[in-house]
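As a plain string of letters, each chain reads:
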Amino acid sequence: MGVITTLLFTAIANGNAQGSNGPGIKVAISGIVKDDTGPLPGVSVIVSGSTGVSTSSNGKFSLNVEIGKTITFSMIGYETQKLKITKADANLEIFLKTDKRVLSDVVVIGYQQVAKRTVTAAITSLDPKTIEDVPAPTFDALLQGRVAGLDVQNFSGEPGVSSTVALRGNTAVARNISSDNTTAAGKASLARAVSGPLYVIDGVPQTTDDIAAISYGSGTGTDVLAGIPINDIADIVILKDASAAAVYGSRGASGVIEITTKKGVAGKTKINFSTYHGFTEKPSLDKVLIGAEETRAKMELIEHYGSYNNLKDLPQILTDTLNPAFNNANDYRKGIYQNGLIDNYDFAISGGNDKITYRYGLNYYNEDGIVKKSGLQRYTFNSNIGLNLASNFKINTQIRYYRLDRPRSVSDLSGGIDPFTGGYYASSPLPPSNLYLSPAMQDFIYGNTNINTDDNTSNSLSISPTIDWQISKKWSFNTVISYEVTNSRHDTYTPGIYRLSGLGYAASFADNQYNYLMSNTLQYTTSLGQDHHINLLIGQNMEYHQYRATDAEADGIPNDQISVVDVVNKNASTAFSDLQENGIETEFLRLNYDYKGKYLLSGVLNADASSKFGAGNRTGFFPSISAGWIISDESFLKNQSSWLSMLKLRGSFGITGRQPDDGSNYLSFNNYSVGAGSFPGSNNPQTGANQSFTYNGIPAISPNFNGGISNKDLTWEHSKQTDIGLDISLFNDRFSFVADAYVKNTAQGIFSLNVPVTTGYTTITTNAIGTQNSGLEMTLIAHYLKPSSAFQWETDFNIAFNKNIVTSLPNGGRDIQINGGSTSYILRQGEPINQYFLFQQTGIYKTDADVPVNPITGQPASFYGYPFRGGDPIWKDQNGDGVLDNSDYVASGNPNPGIVGGFNNNFSYKNWSLTVFCTFTLDRTIYNDYLVGKLSHLTPEDDFNGTVYDDLMNSAFPDLSGINYWRNPGDNAQYPSLSSVTGTRYKYAAVSTAWLQSGDYLRVKTVTVGYSFKPESIKKFGLTRLRIYGMVDNLHIFQAKGVPDAEAVDAYGIYNGNGYPIPKKFTLGLDMSL
Amino acid sequence: MTKYFKNSIIGLSLIAGLCGAVSCKKILDLQPHDSTFTAAYFTNGEDANTAIAGAYALLRSTLLNNSSFHVFGDVPAGEFSINSNFDDANYNISNGQFNGLNVGPGIWNWQSNYQLIQQINLIINKVPGIDISKFTNHDDKQQIIGEAYFLRAFIYFYMSRVWGDVPLKLAPDLDLSTAQNIPRTPAASVLKQCLKDLQVAEADLKYGYADVSQTAVRANKGAAMALQAHIKEWMGDYAGCDTATNAVITQGGYALADSANYSKVFIGKSTEGIFEINIDYSQSEGLSPNDGGYVPTMAAPFLAKKTNLEWPLNTNYFNTLYTDTNDIRIKKFFFQPQSNAGQTIKYSNITYADGSTQNDPRLSNNIIIFRLADIDLLRAEALNNLGRDQEALVLLNKVRTRANTPALENITGEELGTEILQERLRELFYEGQSYYDMVRTKTLGTYNTLMKDQFMNGSPLGGWLWPIDPNMFKDDFTLTQTPYWQGKL
């Protein structure tokens, strides 16, 4: 800090030079400045060495100028024009050309703008125009398939939820995994499944950790990035390698996505309006048998497999079909799903002059969920005001506000009463259709009730002034201050009519998040002679985050008119609040050097200190270096410039970091649990919440045994990344090709380590794992036809190969088995993260005689005491000990995608355009939890549940056509028998390779047809631009048979159907500018 | 730019820079506000008191975890014929089919025991350093330290009876760097350490209670002496046991509850209670069988709407012991003992949280660990072993009379020993003692014929000891399996 202050003084002293007027004769000059649409107001008209004026609202100006002086006409977004004055002129007409360079040739890389041509790092910039019309509220979802190496999986179709985003492979490894999005643990696990990139919006790093989901499993679950309308984005840059991300060193390990929002542009006031409307299509779900059909199908199974003796166990629901309680035909899914509407309106107004520029953007987005009562509404206001206080001093103030309403379906409310988490698109089945449902129940389940069920709101306000001071030609200074406050509320009410107790349940959760940031940078740019160009950036960044949450819940509310927390029964009510804080201090230095503009060198040194670590281990150093060589600028290739526009070779090496992102802020403290009086049985059976906080009335305090032991040695995770890249562009940039190969080694990876049992503690967060991601990325952009052609065809293709392995594990590298809900995984050195670890299923026993005999006992092979019979699965006894247990599991597939990418084809002819965009994910194994769930419920799942037909009786019946299950001895079946009475009860156990399948898919993501009116034809309406278009989103998926949607798979490779189906969307849109 | 303007910028930049520099430290040195931590805790009497409450709460949780208090102390004795349909895991134990693996792993993982030990070690490490002036009348520094030593002795004795050799850890882990794997310490050394801890406890604790609300549910000198007696009896030091039990009986101020108030003994805090674990719905510390709590010996009508009886009484066992039909314990302890669904209703103080709807029962019966009748009979056993049968008989008859069974006369030696043991089995049914009594007196095979030989006492490898969870070996190379079970799981 001191250094910067000193430098400031020096800089100010240097910056005082002022020009002086020379002698000459003054003449009057006046005229008009225009661009290709008409007169331009606000253009700076400056006489060299003096102050100037700006053009009036009709583009006119006049001043007195000495002969021999030069007038400069300048305006942001236009190429500057100079005119030497030789005589008086009253009718000057100046045309300013739009400056294309400004838009496309400069990128922002961590605190500074750099010419694309001289970038030595692996970056990709994305024109937001390619994604702005797609009907989805969040831009991270829209990055899917657009950028080589960026793996985005939109595993849920629920509007406004986060997607998983991994750049160059996942490095997040957890000891506990859960895919159950209806539980707190599952939500937290899924929120942390993938090491997501750092988002930087207008120079402000964002905290995207959903603290509420991580800490409490509640909160709104809304993607915070949903607050930024795509129309407000000017540029998206993805920083991939260490040299690019290093300036955000501590958090750059998983890449950085920088978003620059649109700013005001001096000139004529421009008004843009765009809107689209459409609908989301109700998904076509797997068939479920209903009513009498269901009863008959169940009876058929029972009669087919059962014997006379089993008839005594027949459930009443199947036999007493005249009973009004059992003779219903509820079509649950028909009631739950709907077609939804989507509406989006964007309105922006921008303009300004040389003193002030402004832009205001307004957006309203509304998407109905395809599950009733769910959806997303967004209101945003985005303003940007630039004040040019002096020619070298600007203050730009960004004020952004958004509100998101994301009501959720019954699913979350019912606490995961599984069938309603997404219909029978779920591994947990619906109840049988025969049961009587009271009208009140129906209304609630189907979302037809007026009773307020789920309000889920986020409000965010951010204010961010930035100061740019061009101290002198060589020195410049920049400050960014940002203050952001986000409030979320989540209010739910579950009416008593729906609950067993008959009493209502209300919960209210509110949180506040404050983020404060200040960064200061000082730049020095100079040249040594003609050829050596040096740019030095020194800076400091400071961030502080505070999070507060309050939660109150009350059970036992006796009247459903009340839908707020009202404590009637204090033992069934809970409340808590929380406070979390963390901070980061960063100092960085970057040096850019080039020789003749073709030999490029860049280095970054970054020191980060985080409050999350203990005093001695706070600071991490993240250096990086990169070099580039623009080969095409060499004299031996100069004469090839007719076809070779650019050839550049790049290389970089650097270290980036990551800090614990699981919501733990105080890992260096051995913290305590206050009110630790719980014991088995101390929970309130209604709420499940612990009710005992004391011992004999005295508050009990004891260490937090889950991770509460301090680790003063904990420090940053370090990723060392090497990257080699090649940029080629041909035929005047009509074809361009970018390839990058990289190896990223993550050491000291943050992982929970098991601590010795005798400490009493279970795990501790520590630096204990090593992973490696290596891969190759390629991007090809082709404009097949010359720009002069009326027909245009453009292809944008990208593909990325990534290989991910675990390189080191704690405790001498022993394998770590992870039980993740129904399935299990393994971490093994040299193999990918989270491989499935299952019984190898080799088939189905055709007959009883095929079952092998245990060599030790002489009895047929068995599982949990139930001997195998014909129709049971054949699981390989890998160690040959005659007992099937988890020592027979084998590593059997990789849930991490090996190949991801996308391609976009854009055809245009005159005013028409057609765009087809596809994304693909290949080389991935996924787990069909949906199928195993659906079938396993037709057979008993445990031993002690009354009659053997309990599961069959209590579950809906899926359509079995096309499922080759074992029915008779000798059948060559794909799936086990559906007998409830013979064979092992666990024939549909989830820990089997039978449920693995290929996760490859290619999705035709969007198809758009557009028509742009010619400017001349709409001019009479006062318009400068008018475009109409129609779009289909998620048109079709090509995939292997099995799961209904190979994209709706979570980061652990699980398709369980509990998620929200990804709907097809049809929209019509309109875009216009005044 | 005007000069004024320039100065403002310089000023602003300076202020910004200064603020930054000042906040550097502030934003990095953040302390948790959602919990306390060692440096902020253990600063006054209130902290010491909540810490010792935390220790008792951990002990309560440990004993209730998977009902391990009864699974260790009662099930292997054969008191129940567990219904395999409702409790498969514990059925394997009661039916002699335990093979080391077929129980719930929570039973034999000692994580929760070491949580308690960490807590106690923290108290022993930190509380003596708190200045006496920071204590108020409510928090007695000396008593809290004494209780901590008592609890450490108790838990190590408890563990040693279950597993034999256990890792002996006497200092807290304050940071990961001290968290080492440590091997199992021989049982003899563990018991020696228990007695050493008890010496400290006995010096720090007093008989009786200054605060009557702490009766029996907090350790006092009586509890410490009772524990000492149990340890010495277990070690075969009958003279030592005699001295300790004598102290409890003569100085402790305890009295047997009369027959009319007998059931209240099992609610807790009675005149007879020496050491108990608090479970009381009125203090929001009730046990809910419907969410995590396990009340396997009762069903309707004692637990309304509960139909499954997981642990029916073993009628054979009952018939062997309760031969006198005038014994008031038959009615107080059991419901329909001759049926195949005999319930044990010793702990049946139920309140329904939802009133007459009766869907939400909460149990308020303390876990009875030591009580006077137990100590009387323990002393009788010691005296019998020391050849002082007349004195033993007096104590035995004291318990028999309260139970409305006739006093015994003129029996001595082994015969008396058997009577004392059987009286213990009758009196202390389902109090987590019977199995250890049988192991101590080497009579397990007599009362539980279903037990396979691994549970027989005298097996050279200690087969009556429990195996430990193989999961604990995963990351621990120093730990070894209990000798009898090595190579068996």
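Summarised in this report is the structure supplied together with it. (Residues numbered from 1 in each chain as written. Chains lettered and ligands numbered in written order. Predicted model: local features only at pLDDT ≥ 70, side-chain atom pairs only at ≥ 80, totals over all residues. Heavy atoms only, no water.)

## Describing the overall build of chain B
Tallying secondary structure elements over chain B gives 16 helices and six strands in all. The contacts of chain B with a sequence gap of at least 6 include a subset with a gap of at least 24, amounting to 67%. As displayed, chain B offers around 18300 Å² of accessible surface, 52% of which is attributable to carbon and sulfur atoms. Separation of charge centres in chain B, based on 40 positive and 50 negative side chains, amounts to 6 Å. (Helix = DSSP H or I, 4+ residues; strand = E, 2+ residues; numbered from the N terminus. Contact = heavy atoms within 4.5 Å. Areas by Shrake-Rupley, 256 points an atom, 1.4 Å probe, with all protein chains shown as cover. Lys, Arg positive; Asp, Glu negative; His and termini not counted. Charge placed at Lys NZ, Arg CZ, Asp CG, Glu CD.)

## Looking at the overall build of chain A
Along the backbone of chain A there are 16 helices and 56 strands. Taking 31 Å as the expected radius of gyration for a compact globule of 1074 residues, we find that chain A reaches 32 Å, a close match to that expectation. Referenced to the eigenvectors of the C-alpha coordinate spread, the extents of chain A come out at roughly 120 × 65 × 65 Å. Burial status across chain A gives 57% buried among its 1074 residues. Across chain A, every contact between residues at least 6 apart in sequence was considered, and the portion connecting residues at least 24 apart equals 71%. Within chain A, one finds 83 positive and 98 negative side-chain charges whose respective centroids are separated by 10 Å. (Rg over C-alpha atoms; globule rule 2.2 N^0.38 Å. Buried < 20%, exposed > 50% of the residue type's maximum accessible area, 1.4 Å probe, protein only.)

## So, the pairing of strand β17 (residues 256–261) of chain A
Residue and element names in this part refer to chain A. Judged by how many residues are buried, β17 sits mostly within the fold: five of six residues are covered. Of the pairings in the sheet, the one linking strand β14 (residues 198–201) to β17 comprises four bridges and is parallel in character. Each residue of the ladder has a partner; that of V200, found in β17, is E258. (Pairing = 2+ DSSP bridges.)

## What to know about the interface of chain B and chain A
Each partner contributes to the interface: chain B provides 87 residues, whereas chain A provides 76 residues. When chain B packs against chain A, the two sides together hide about 6900 Å² of surface, and 61% of this comes from carbon and sulfur. Among the residues chain B hides against chain A, the three largest losses belong to L28, L30 and L176 of chain B. Together they make up 10% of the total. Inspection of the region where chain B meets chain A yields one salt bridge. In this structure, D29 of chain B and R618 of chain A form a salt bridge, with 2.8 Å as the shortest nitrogen-oxygen distance. At the surface where chain B touches chain A, the tally comes to 24 residue pairs in polar contact (both at pLDDT 80 or more). Where the side of chain B that touches chain A is concerned, the elements lending two or more residues are α1 (3–28), α2 (45–64), α5 (111–126) and β1 (273–277) of chain B. In terms of residue count, the dominant contributor to the side of chain B that touches chain A is α1 of chain B (14 residues). (Buried area = accessible area lost by both parts, 1.4 Å probe. Salt bridge = Lys/Arg side-chain N within 4 Å of Asp/Glu carboxyl O. Polar contact = N/O pair within 3.5 Å; in protein donor to acceptor, adjacent residues only side chain to side chain.)

## What to know about the packing of helix α12 (residues 372–385) of chain B against helix α14 (residues 413–427) of chain B
Residue and element names in this part refer to chain B. Here α12 crosses α14 at 165 degrees, and the two axes come no closer than 10 Å. Relative to α14, the element α12 lies roughly antiparallel. Remark: the crossing between α12 and α14 carries left-handed chirality. Seen from α12, the contacting residues are A373, D374, L377, L378, A380, E381 and N384; seen from α14, they are G413, L416, G417, I420, E423, R424 and E427. Partitioned by chemical class, the residues of the contact of α12 with α14 number six nonpolar, three polar and five charged. (Axes fitted to C-alpha atoms, helices over the stretch in contact; angles between N-to-C directions. Parallel < 35°, antiparallel > 145°, perpendicular 65-115°, else oblique. Left-handed = near helix turned anticlockwise from the far one by under 90°. Nonpolar A, V, L, I, M, F, W, Y, C, P; charged D, E, K, R; others polar.)

## Here's the deal with the pattern of salt bridges
Residue and element names in this part refer to chain A. Tallied over the entire structure, the rule returns 52 salt bridges over all chains. One salt bridge in this structure joins R869 and D848, with 3.0 Å as the shortest N-O distance. Of this pair, R869 sits in the loop between β45 (866–867) and β46 (873–875) while D848 sits in the loop between β43 (841–844) and β44 (862–863), placing them 21 residues apart in sequence. For R869, a relative accessible area of 35% gives the class partly exposed.

## Regarding the packing of aromatic side chains
Residues and elements named next belong to chain A. What the rule picks out here adds up to 72 aromatic pairs over all chains. Seen from their ring centres, F903 and F920 are 6.3 Å apart, and the 40 degrees between their planes marks the pair as tilted. Taken as a pair, F903 in strand β48 (residues 899–909) and F920 in strand β49 (residues 912–922) lie far apart in primary sequence, 17 residues in all. You can call F903 partly exposed: its relative accessible area is 22%. Looking at F920, the relative accessible area reads 7%, which means it is buried. (Phe/Tyr/Trp six-rings, centres within 6.5 Å; stacked < 30°, edge-to-face > 60°.)

## Focus on the sheet that holds strand β55 (residues 1054–1055) of chain A
Sheets are built from strands that pair by backbone hydrogen bonding, the pairs being arranged parallel or antiparallel. All names here are of chain A. Strand order in the open sheet made by the three strands is β52-β50-β55, with mixed pairing throughout. The sheet is open, and its two edges are formed by β52 (996–998) and β55, each paired on a single side. One ladder, built from two bridges, connects strand β50 (residues 925–928) with β55; its direction is parallel. Residue pairing in the sheet places N928 in a bridge with Y1055 of β55. Lying on the sheet, helix α14 (residues 929–936) is in contact with β50 and β55; it crosses β50 at an angle near 20 degrees.

## Section: the side chain of T297 of chain B
When you line up the elements, T297 of chain B lands in the loop between β1 and α10 (315–321). Within polar-contact distance, the side chain of T297 of chain B engages the backbone oxygen of T344 of chain B at 2.9 Å.

## Considerations on the sheet that holds strand β40 (residues 816–820) of chain A
Residue and element names in this part refer to chain A. The four strands are arranged β40-β41-β42-β47 in an open sheet whose pairing can be described as antiparallel. Each edge of the sheet is formed by a strand with only one pairing partner; in this case those strands are β40 and β47 (890–891). Two elements, β40 and strand β41 (residues 823–827), share five bridges in a ladder whose sense is antiparallel. Across the sheet, G820 pairs through a bridge with T823, a residue of β41.

Functional significance is not addressed by these values, which are geometric in nature.
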